[in-house]
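Summary of structural features
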Amino acid sequence: AQTVTQSQPEMSVQEAETVTLSCTYDTSESDYYLFWYKQPPSRQMILVIRQEAYKQQNATENRFSVNFQKAAKSFSLKISDSQLGDAAMYFCAYRTPAYNNDMRFGAGTRLTVKP
Amino acid sequence: KAGVTQTPRYLIKTRGQQVTLSCSPISGHRSVSWYQQTPGQGLQFLFEYFSETQRNKGNFPGRFSGRQFSNSRSEMNVSTLELGDSALYLCASSLGGRPLTDTQYFGPGTRLTVL
C-alpha cells in the first residue's frame, strides 16, 4: 500500500522562529515525487515545494526547505522565519507512475503561528 | 493568467438528488483532476481527465462521474446523493503532458452539503 503519514495533527510556532513538519511514506517504488501543499483558511491548495525521488539534494524554496531521507522514507518540511501568513493546514503528498500518478495525501498538519 | 475556477462555491442538496460541479482550468492546461476532502477521510483522488478522456480513476462508486469538454473545462456529477457525500470538492489543473512531474494548480473548491 502506498500511504503517507503525518504524525503531527497540530503544530505551533512563534513568529520568526523555525518549525519542522514531519511526513513519512510507505512505498516499494523507486520512481516517485513528493510534495508539500499548503491549505490556508481560504481552502485553496497551494504547492509549497516538491522533491524528485532520484535527486539526493534537498529542495528549497525561499524560507521553505525539505529534509528528504530516502532510505528512511521521510520527507519533512522546514519553515524558517515563520510568518503569520504561514498559518494553514499543510499536506504531504506522494505520486508515482506505478499507481497512475494519482496524488496520495497525508492527513495534514495544522500550523498555528503565534505573534 | 486566471487561476482555476470552480462553480458553484457552495451547494446544498438533499439525499437522493444529483449534482453537477464545474471546473475551468488555467488556460493551456489540458488535465483536470478532482478530489474529495472530508474531515474523516481527508483528501481523496476521484478521477483525472486529459484531452476529454478519463485517464485515471480513484476508488469511488459509480455514482461519481465526470467529463471533460474540448475547451478542457470539466464537470463532475454525483447521482443519488448520500449524506456522506458532503465534502469540499477540489479540482486541479495541470499541463497534462507529464503526469508525474506536472504541477497541479488547485481551485478554491465547491462546498457540497447533503441534507
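Structure: see above.
Note that the structure is a prediction, hence the values are computed from the model and not measured. (Residues numbered from 1 in each chain as written. Chains lettered and ligands numbered in written order. Predicted model: local features only at pLDDT ≥ 70, side-chain atom pairs only at ≥ 80, totals over all residues. Heavy atoms only, no water.)

Thoughts on the overall build of chain A
Note the following rule: Secondary structure elements follow DSSP: runs of H or I no shorter than four residues count as helices, runs of E no shorter than two count as strands, and numbering proceeds from the N terminus. Put simply, the radius of gyration uses C-alpha atoms, and a globule should come to 2.2 Å times the residue count raised to 0.38. Whether a residue is buried, partly exposed or exposed follows from its accessible area with a 1.4 Å probe, protein chains only, as a fraction of its type maximum: under 20%, in between, or over 50%, in that order. Accessible surface area values rest on a Shrake-Rupley calculation with a 1.4 Å probe, where residue burial reflects the displayed protein chains alone.
Helix and strand content of chain A: zero helices and twelve strands. Traced from its N-terminal end to its C-terminal end, chain A shows the element sequence β-β-β-β-β-β-β-β-β-β-β-β. For chain A, whose C-alpha radius of gyration is 14 Å, the value lies close to the compact-globule estimate of 13 Å for 115 residues. Along the first, second and third principal axes, the C-alpha atoms of chain A reach 45 × 25 × 20 Å. The buried share of chain A, taken over its 115 residues, is 49%. Carbon together with sulfur atoms contributes 45% to the accessible area of chain A, which is approximately 5,600 Å² in total.

Some remarks on empty space enclosed by the protein
Quick note on the threshold: In this analysis, the protein atoms alone were mapped onto a 1 Å grid. Cavities are point sets where a 1.4 Å probe fits without being able to get out; pockets are open sets with protein on both sides within 12 Å along at least five of seven lines; lining residues have an atom within 4 Å of a point. Grid points are joined across faces, edges and corners, and a volume is the space filled by probe spheres set on the points. Under the scheme applied, nonpolar residues are Ala, Val, Leu, Ile, Met, Phe, Trp, Tyr, Cys and Pro; charged residues are Asp, Glu, Lys and Arg; polar residues are all the others, including Gly.
All chains considered together, the criterion is met by one cavity of 30 Å³ or more. Here the largest cavity is characterised by a volume of approximately 50 Å³. The wall of the largest cavity is formed by Arg95, Asn100, Asn101, Asp102 and Met103 of chain A together with Ser33, Tyr35, Phe45, Glu48, Asn56, Pro99 and Gln104 of chain B. For the lining of the largest cavity, the class distribution of residues is four nonpolar, five polar and three charged.

Overview of the state of the cysteines
Residue and element names in this part refer to chain A. Threshold: The disulfide criterion is simple: two cysteine sulfur atoms within 2.5 Å.
For the structure on display, the rule yields two disulfides over all chains. Disulfide pairing is shown between Cys23 and Cys92; the S-S distance is 2.0 Å. Taking the sign of the S-S torsion, -70 degrees for the link of Cys23 and Cys92, the bridge is left-handed. In this pair, Cys23 sits in the loop between β3 (19-21) and β4 (24-26) while Cys92 sits in strand β10 (residues 88-95), placing the two residues 69 residues apart along the sequence. The class of Cys92 is buried, set by a relative accessible area of 1%.

What about the packing of aromatic side chains?
The relative placement of two aromatic rings is captured by the distance of their centres and the angle of their planes. Applied cut-off: The rule is short: rings of Phe, Tyr and Trp, with Trp giving its six-membered ring, pair when the centres are within 6.5 Å, and they are stacked under 30 degrees, edge-to-face over 60, tilted in between. Cation placement over rings: the criterion is NZ of Lys or CZ of Arg within 6 Å of the ring centroid and within 35° of the ring normal.
Following the criterion strictly, the structure yields 15 aromatic pairs over all chains and no others. On the numbers, 6.2 Å between centres and 25 degrees between planes, the contact of Tyr33 of chain A with Phe35 of chain A is stacked. Here Tyr33 of chain A and Phe35 of chain A have matching classes, each one buried. With centroids separated by 6.3 Å and ring planes inclined at 90 degrees, the aromatic side chains of Phe91 of chain A and Phe105 of chain A adopt a geometry described as edge-to-face. In this pair, Phe91 of chain A sits in strand β10 while Phe105 of chain A sits in strand β11 (residues 104-105), placing the two residues 14 residues apart along the sequence. Phe105 of chain A shares its class with Phe91 of chain A; the two are buried. Ring pairs connect the aromatic residues Tyr33, Phe35, Tyr37, Phe91 and Phe105 of chain A together with Tyr35, Phe45 and Phe106 of chain B, which therefore count as one cluster. Here the guanidinium or amino end of Arg55 of chain B rests over the ring plane of Phe50 of chain B, the centre of that ring lying 4.2 Å away.

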